[in-house]
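# Close look at the chain arrangement
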Amino acid sequence: MKELHRKTEEIAILLVAVLVLAVLPLALDPFRLNLVGKYMAFAFVAIGIVLTWGYSGVLSLGQGIFFGLGSYMMAMFLKLEASAPELPDFMVWSSVESLPWWWQPFHSLTLTLLLIVAVPGAAAYLFSLAIFRKRVSGVYFAIVTLALAMTLTVLIIGQQGDTGGANGITDFRTLLGWDIVGDEGKLVLYLIEAAALTAAMLASLLIVRSRLGKILIAIRDREDRVRFSGYDTAHVKACVFSVAAVLSSIGGAFFTLQVGLISPGAIGVVASIEMVIYAAVGGRLSIPGAVVGALLIGFLKSYLSETFPEVWLYFLGAIFIGVVVAMPNGLAGVFGQIQARRAARSAR
């Protein structure tokens, strides 16, 4: 049974990779493909949630924090390029006379990419390590992360001159002089994002199948026994939480590139909870399931809001409730049950 699950997971990753790299680019028009690129940005977050929640038992309701860090850092680079040599327009409107010092590194794309990985990873590790050292876990950790997401949203809105406030950062069209809003540029960005998402799925699969993955499962099931065995469980959980934060930040950077703007609404409490739902719908123990969940919910949001503009939120809410009640392990869990039944019949 375990070998069947392993093969199924590998095949599912291959199918998802073929879908996003080959099928969708050939089947969809540029507008719809850009929407899929937006959904894939959230798939990075969903994969991280599978690692933390599904395999480690650490539920975070604040992944929007790290998604927002990656989004805003990429937006800062793009905005400086679009505004050069002047200050960004929202700073001029707020009577800011000089560029804040912490904006300076974002003149360089290389530094920007390094910071997109380093800042969320380091912040997540240090924060979570301090929390886990205090033996804070479960619903208490979820509440703390939710409060931090709310705090970050308020902070961004309040700093109009530095962050663009409630309007966010927008109005950029190029990346190192290359047009990223035309159909050709969008297609190239999409393919880069799809390749990065495939790499993220493979890297996450290696983690969960390594010795670290076995330790994570043991911590999820009986952390006290793992601790008594000599493992520093706080350090292990902080490391995987840091990996999830990096994945969220990378997804945020791609979100900015695909959508062309970032605002506090994309990283707040509601957005953070939706990110958990992506993983829950796809299956919190399935890496490709998380990607499918993000794509499916993203598609449903777009379709229902277009078809039923006044009541689409009720439809979406009903879908979420139905999945939680009828499919606690998500779509991947249902597929796994079907595979297990087929295998049992074949063995008779």
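Now for a description of the structure that goes with this document. (Residues numbered from 1 in each chain as written. Predicted model: local features only at pLDDT ≥ 70, side-chain atom pairs only at ≥ 80, totals over all residues. Heavy atoms only, no water.)

### Some points on the packing of aromatic side chains
- One pass over the structure, following the stated rule, counts 12 aromatic pairs.
- When the ring of F42 is compared with that of F67, the centres are 5.0 Å apart and the planes differ by 15 degrees; the resulting orientation is stacked. One end of the pair, F42, is in helix 2 (residues 30-54); the other, F67, is in helix 3 (residues 63-83), with 25 residues separating them in the sequence. Note on accessibility: F42 and F67 belong to one class, buried.
- Between F299 and Y303, the ring centres sit 6.0 Å apart and the planes meet at 15 degrees, which makes this aromatic pair stacked. Here F299 pairs with Y303, and both are found in helix 12 (residues 287-307), just 4 residues apart, close to one helical turn.
- Note on F299: relative accessible area 48%, which makes it partly exposed.
- Residue classification places Y303 among the partly exposed positions, given a relative accessible area of 41%.
- Aromatic rings pair up to connect F66, F127, F132, F141 and F241 into one cluster.
- Lying over the aromatic face of F132, K237 brings its terminal NZ or CZ to 4.4 Å of the ring centre. (Phe/Tyr/Trp six-rings, centres within 6.5 Å; stacked < 30°, edge-to-face > 60°. Helix = DSSP H or I, 4+ residues; strand = E, 2+ residues; numbered from the N terminus. Buried < 20%, exposed > 50% of the residue type's maximum accessible area, 1.4 Å probe, protein only. Lys NZ or Arg CZ within 6 Å of the ring centre and 35° of its normal.)

### Brief notes about helix 10 (residues 233-259)
- If you check helix 10, its first and last C-alpha atoms are 39 Å apart, about what 27 residues at 1.5 Å a residue would give, namely 39 Å.
- Across the 27 residues of helix 10, 22 count as buried, placing the element largely inside the fold.
- Of the residues one or two after helix 10, G260 is the one with positive phi, at around 90 degrees. (Expected span 1.5 Å × (residues − 1).)

### Thoughts on a nonpolar patch on the surface
- Side chains of V292, L296, F299, Y303, F308, V311, Y314, F315 and L331 sit close together on the surface and give an oily, nonpolar patch of about 820 Å² of accessible area.
- Contributing elements (two or more residues each) for the nonpolar patch: helix 12 and helix 13 (312-326).
- Considering every element that reaches the nonpolar patch, the biggest residue donor is helix 12, with 4 residues.
- For L296, the location among the structural elements is in helix 12.
- Judged by its relative accessible area of 34%, L296 is partly exposed. (Patch = residues over 30% accessible without salt bridge, like charges linked within 9 Å, V, L, I, M, F, W, Y side chains within 5 Å. Areas by Shrake-Rupley, 256 points an atom, 1.4 Å probe, with all protein chains shown as cover. Salt bridge = Lys/Arg side-chain N within 4 Å of Asp/Glu carboxyl O.)

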